[in-house]
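Here is how the chains run, residue by residue.
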Amino acid sequence: MIENLVIVESPAKAKTIESFLGKDFIVKSCFGHVRDLSKKNFGIEIDNNYSPQYIVSEDKKKIVAELKKLAKDSGVVWLATDEDREGEAIAWHLSEILKLSPENTKRIVFHEITKDAIRNAVDNPRKLNKDLVNAQQARRILDRLVGFELSPVLWKKIQPKLSAGRVQSVAVRLLVEREREVMHFNPESKFKVYGTFSFSDEQGEKVELKAEVTNHFPDSDETRKFLNNCKDADFEVVDIITKPSRKSPAPPFTTSTLQQEASRKLGFSVSQTMTVAQKLYEAGFITYMRTDSVNLSSLALVSARNTITQEFGEKYAKTRKYKTKAKGAQEAHEAVRPTYFQNETIKGNRSEQRLYNLIWKRTIASQMSEAQLEKTTITINISNSDKRFVASGEVIKFDGFLKVYMESKDEELDDSTKGMLPLISTGQFLNYESINAYERFSTSPPRYTEASLVKKLEELGIGRPSTYAPTISTIQQRGYVFKEDRPGFNRNFTVISLSEGKLEEKTKTEKAGTEKKKLFPKNIGIIVNDFLIEHFKDILNYNFTASVEKEFDEIAAGKLDWTEMIDAFYKPFHAKVEKSLATSIKKTGERQLGKDPETGEPVMVRIGKYGPFVQLGDSSKDEKPRFASLLKGQLIETITLEEALELFKLPRTVGDFEGKDLIVGVGRFGPYVRHNNKFFSLKKETDDPLTINKSRAIELIEEKREIEKKRIIKSFPNDPDLKVLIGRYGPYISYKKKNFRIPRKNEPESLTFEDCLRIIEEGQKKERQKAKGKRQK
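Conventions used here
- Residues numbered from 1 in each chain as written.
- Predicted model: local features only at pLDDT ≥ 70, side-chain atom pairs only at ≥ 80, totals over all residues.
- Heavy atoms only, no water.
- Helix = DSSP H or I, 4+ residues; strand = E, 2+ residues; numbered from the N terminus.
- Buried < 20%, exposed > 50% of the residue type's maximum accessible area, 1.4 Å probe, protein only.
- Contact = heavy atoms within 4.5 Å.
- Areas by Shrake-Rupley, 256 points an atom, 1.4 Å probe, with all protein chains shown as cover.
- Pairing = 2+ DSSP bridges.
- Axes fitted to C-alpha atoms, helices over the stretch in contact; angles between N-to-C directions.
- Polar contact = N/O pair within 3.5 Å; in protein donor to acceptor, adjacent residues only side chain to side chain.
- Phe/Tyr/Trp six-rings, centres within 6.5 Å; stacked < 30°, edge-to-face > 60°.
- Lys NZ or Arg CZ within 6 Å of the ring centre and 35° of its normal.
- Salt bridge = Lys/Arg side-chain N within 4 Å of Asp/Glu carboxyl O.
- pLDDT = per-residue confidence, 0-100.
- Core = buried A, V, L, I, M, F, W, Y, C linked by side-chain atoms within 4.5 Å.
- Parallel < 35°, antiparallel > 145°, perpendicular 65-115°, else oblique.
- Nonpolar A, V, L, I, M, F, W, Y, C, P; charged D, E, K, R; others polar.

**Some remarks on the overall build of the protein chain**
Of regular secondary structure, the protein chain possesses 19 helices and 26 strands. Taken over the C-alpha atoms alone, the protein chain extends approximately 95 × 80 × 65 Å along its principal axes. Here the protein chain holds 777 residues, and 46% of them are scored as buried. Put simply, 70% of the contacts in the protein chain that link residues at least 6 apart link residues at least 24 apart. Per element, the accessible surface of the protein chain, about 41,500 Å² overall, is 48% carbon and sulfur.

What follows is the structure in structure tokens.
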């Protein structure tokens, strides 16, 4: 007889919890989410007595059988899954599939995996919260209804294998709308004027002062006129304002702000942040990482204050209690914080250490004193103009929380004129050393990064902490958007300078439009978005998506019946699905670009089975039209006739190498060089298939060959198809385009031809047995 059986989601969590409990407890993992797979989920005939029918996959049957046996032999079963709605739903499904009796089943939750937290949870168990389960159930069913009903519409009206979702489609809409803002943005130029002045201090030493004209000039004529006036002007300091200011720390991390800051400071993707945070939580290093609360427990506040006092002194400590301001914040969880504040570092891999350090610094800083600053503003009068120069400076009098941490911003501002200012008095006359006017251009709204998209979704009240990462991963995996860096382009700008009474004008070049880790919509994402907005505008409405989240919150609070909520949504939604299937036309994004100047044939662009392409010629005529794929980054709605015609120059021969032609083209997987029937990918950052030359093509071939050489551990002259290679996950055998795992007992370098054939035969035998087993099922 087992006294106590504790069930959690993962082996790592089980191992940590087991170390805090005595011999009376056995801790087991259910290896992921046991979920209801009943088809009843997707009908509208659902009531609160609905009983799930479970379909358990073969690889989970042994786990479920073991858990059933252990539960049957246990005095008490403790369900210790995560504290959020999904964790509650998993606990409920476990109780159903294991047929647990309420009398000997207890539910425990904790914000952190520490000995005190686990013991406190065991001392204060509760019953399963069916309202939380219903809220999660409602989310799953509604999202599946949307996905399962909309996706077939997209298959018929656009192309197969597409998908739609309540949150993912709204995220794509945000990206498409932002991309169109960027497309239609026309930059305007203006001139900003900076001056470098000098004066002599009390010791007769020359001192410099830099300042900026507060007004901007609309064009070069106005700018030149102003600079000409400055030749004979007197410059006098007429006002000096010095005032103290304070800078307060940012609150502790929520899921959203952790994802944003890890992206800015560490370069982590949203999914990478959550994967690493999950490991830190399961190892007992941080509190639960899916939360929208900035609250810290009383114990955490005391612990943070003690650590700050010991590390930095009493004057650096200031206890703060933050309140959550996010739309529709969920249950009153704690913020993401270290479990033990005294541990500034932890054991773990590099990513785990870096993320933990970020969480530690942010939480500690949130409980530290404000930074005390002194801001000084110096105003300089120009004798023959109503314009003024202004110099601004900032001095840190007490660093406070800045000693530990400073929050980053998505778009860093240029504070080039700020800094330490020299000691100066009003009435001081200044000599100008140089006055420079730089042409500056207005910028379009910035494209979203993963982190800034999470921030926008949170601002709109769309999704919850547990949904941000999977949503952003899904829209990339579905091929609706992609993430990449773009090098930008060279842009000319004008500099007008005044020095020693002479005016000089130069044209300089700067890099503009550089993008780093930004999200861009693909053509298929734009077409799907436009179709859904046309036929299902309410589903993609930002307010609708946010209002649904509020209804889930009401279900979780026991204020709304989940079946009524689903019923109210489904009936009108299903009617729209039926209507769109009957009345909407197939969408390809087709756009006529004009006519080819040489042949007079029409040129159009649209989406096809293998992606967007340009068509030259009329399909209705006897002569077959020509087709060319769009390059990555080219969009159906912005490509020009000239750009489209350039694509018909591909494939093109750029020379020969080793007696074989070098052919550059674009295929399903992007631009390539083809040589001797082998394909070599072009580098997306540097290589343009329309301009790449022979020497660069040869360079790409030789680079790939060098990589291939390093991959080969062993080859066999009597069978060229047989190789022992090193791959991403270790050594393996490659034979006739199939891969076979090398058993651990074998040294890859020592394998003979016969050894390889034996391993291949054993691998093929296992494959046959596996296939036979599937057929029998």
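**Some remarks on the sheet that holds strand β23 (residues 712-715)**
Taken together, the four strands give an open sheet; going across it, the order is β23-β24-β25-β26, and neighbouring strands pair in antiparallel fashion. Each edge of the sheet is formed by a strand with only one pairing partner; in this case those strands are β23 and β26 (738-741). The sheet shows a mean angle of 25° between the axes of neighbouring strands, taken without regard to direction. Inspection of the sheet shows β23 paired to strand β24 (residues 722-727) by three bridges, in the antiparallel sense. Its bridge partner being in β24, Ile 712 is matched across the sheet by Leu 725. Against the sheet, helix α18 (residues 694-711) contacts β23, β24 and β25 (730-735), and its axis sits at roughly 70° relative to β23.

**Some words on the environment of Ser 444**
For Ser 444, the position within the fold is in the loop between β10 (429-441) and α12 (450-459). Non-local contacts of Ser 444, meaning those with residues more than four positions away in its chain, are made with Val 182 and Phe 185.

**So, the side chain of Ser 256**
Note that Ser 256 resides in helix α8 (residues 255-266). At 2.8 Å, the side chain of Ser 256 forms a polar contact with the side chain of Glu 458. Not counting chain neighbours up to four residues away, the residues in contact with Ser 256 comprise Val 454, Lys 455, Glu 458 and Tyr 468.

**Describing the packing of aromatic side chains**
Under the counting rule described, the total for this entry stands at 19 aromatic pairs. Seen from their ring centres, Phe 197 and Phe 389 are 5.0 Å apart, and the 75° between their planes marks the pair as edge-to-face. Taken together, the residues span a long stretch of sequence, with Phe 197 in strand β5 (residues 189-200) and Phe 389 in strand β9 (residues 388-398) at a distance of 192 residues. Looking at Phe 389, the relative accessible area reads 0%, which means it is buried. One aromatic cluster in this structure is built from Phe 197, Phe 217, Phe 226, Phe 235, Phe 389 and Tyr 432. Over the face of the ring belonging to Tyr 542 we find Arg 173, whose NZ or CZ atom lies 4.7 Å from the ring centre. Taking the ring centre of Phe 520 as reference, the NZ or CZ of Arg 486 above it sits at 3.6 Å.

**Overview of the pattern of salt bridges**
Following the criterion strictly, the structure yields 52 salt bridges and no others. Close ionic contact of Lys 28 with Glu 66 constitutes a salt bridge, the shortest N to O distance being 3.4 Å. Residue Lys 28 is found in strand β2 (residues 25-29), and its partner Glu 66 is found in helix α2 (residues 58-72); the two are separated by 38 residues along the sequence. Here Glu 515 makes a salt bridge to Arg 447, at a shortest N to O gap of 2.6 Å.

**Examining the pairing of strand β12 (residues 489-499)**
Side-chain direction in a regular strand flips from residue to residue, so the side chains alternate between the two faces of the sheet. One ladder, built from four bridges, connects β10 with β12; its direction is antiparallel. Across the sheet, residue Ala 437 finds its bridge partner in β12, namely Ile 496. Pairing of β12 with strand β13 (residues 502-512), which is carried by 11 bridges, proceeds in the antiparallel orientation. Residue pairing across strands places Val 495 opposite Lys 506, the latter belonging to β13.

**As for the sheet that holds strand β1 (residues 2-8)**
Across the sheet, which stays open at both edges, the four strands sit in the order β2-β1-β3-β4 with parallel pairing between neighbours. Edge strands, defined here as strands with exactly one partner in the open sheet, are β2 and β4 (105-107). Each strand axis lies, on average, 25° off the axis of its neighbour in the sheet, ignoring direction. Those strands touched by helix α1 (residues 11-18) are β1 and β2, and its axis lies near 165° from that of β2.

**Some details on the confidence of the model for the protein chain**
Any segment with low pLDDT has predicted coordinates that should not be analysed in fine detail. Put simply, the protein chain has an average pLDDT of 89, and 93% of its residues get 70 or more. Considering only residues more than four positions removed or in separate chains, one finds that residues 36-51, a stretch of pLDDT under 50, has 36 contacts. Within the model, pLDDT remains below 50 along residues 412-417, and this stretch shows three contacts once partners closer than five positions in the same chain are excluded.

**Quick look at the nonpolar core**
Grouped together as the largest cluster of nonpolar side chains are 126 residues, with contacts concentrated most on Phe 110, Leu 154, Ile 286, Leu 355, Leu 453, Leu 532 and Val 614. At 10 residues, helix α5 (residues 130-157) tops the list of elements feeding residues into this core. Setting aside anything within four residues of it in sequence, one finds Ile 286 in contact with Ala 277, Leu 280, Tyr 281, Val 336, Arg 337, Pro 338, Thr 339, Tyr 356 and Ile 359. The next biggest cluster of nonpolar side chains, apart from the first, holds 27 residues, and it includes Val 213, Ala 233, Phe 389 and Ala 437.

**Focus: the packing of helix α9 (residues 270-282) against helix α11 (residues 350-366)**
The contact between α9 and α11 brings their axes to 10 Å, and the two run at 90°. Considering the angle they form, α9 stands roughly perpendicular to α11. Of the residues in α11, those touching α9 at Gln 272, Thr 273, Val 276, Ala 277, Lys 279 and Leu 280 are Ser 351, Glu 352, Leu 355 and Tyr 356. Of the residues belonging to the contact of α9 with α11, the class tally is five nonpolar, three polar and two charged.

**A few points about α12**
Counting buried positions along α12 yields seven of 10 residues, so the element is predominantly enclosed. Listed as buried for α12 are Glu 450, Ala 451, Ser 452, Leu 453, Val 454, Leu 457 and Glu 458. Considering only its buried residues, α12 is in contact with α6 (168-183), α8, α9, α13 (468-477), β11 (481-486) and β14 (515-521). Backbone geometry just downstream of α12 places Gly 461 in the positive-phi region, at approximately 75°.

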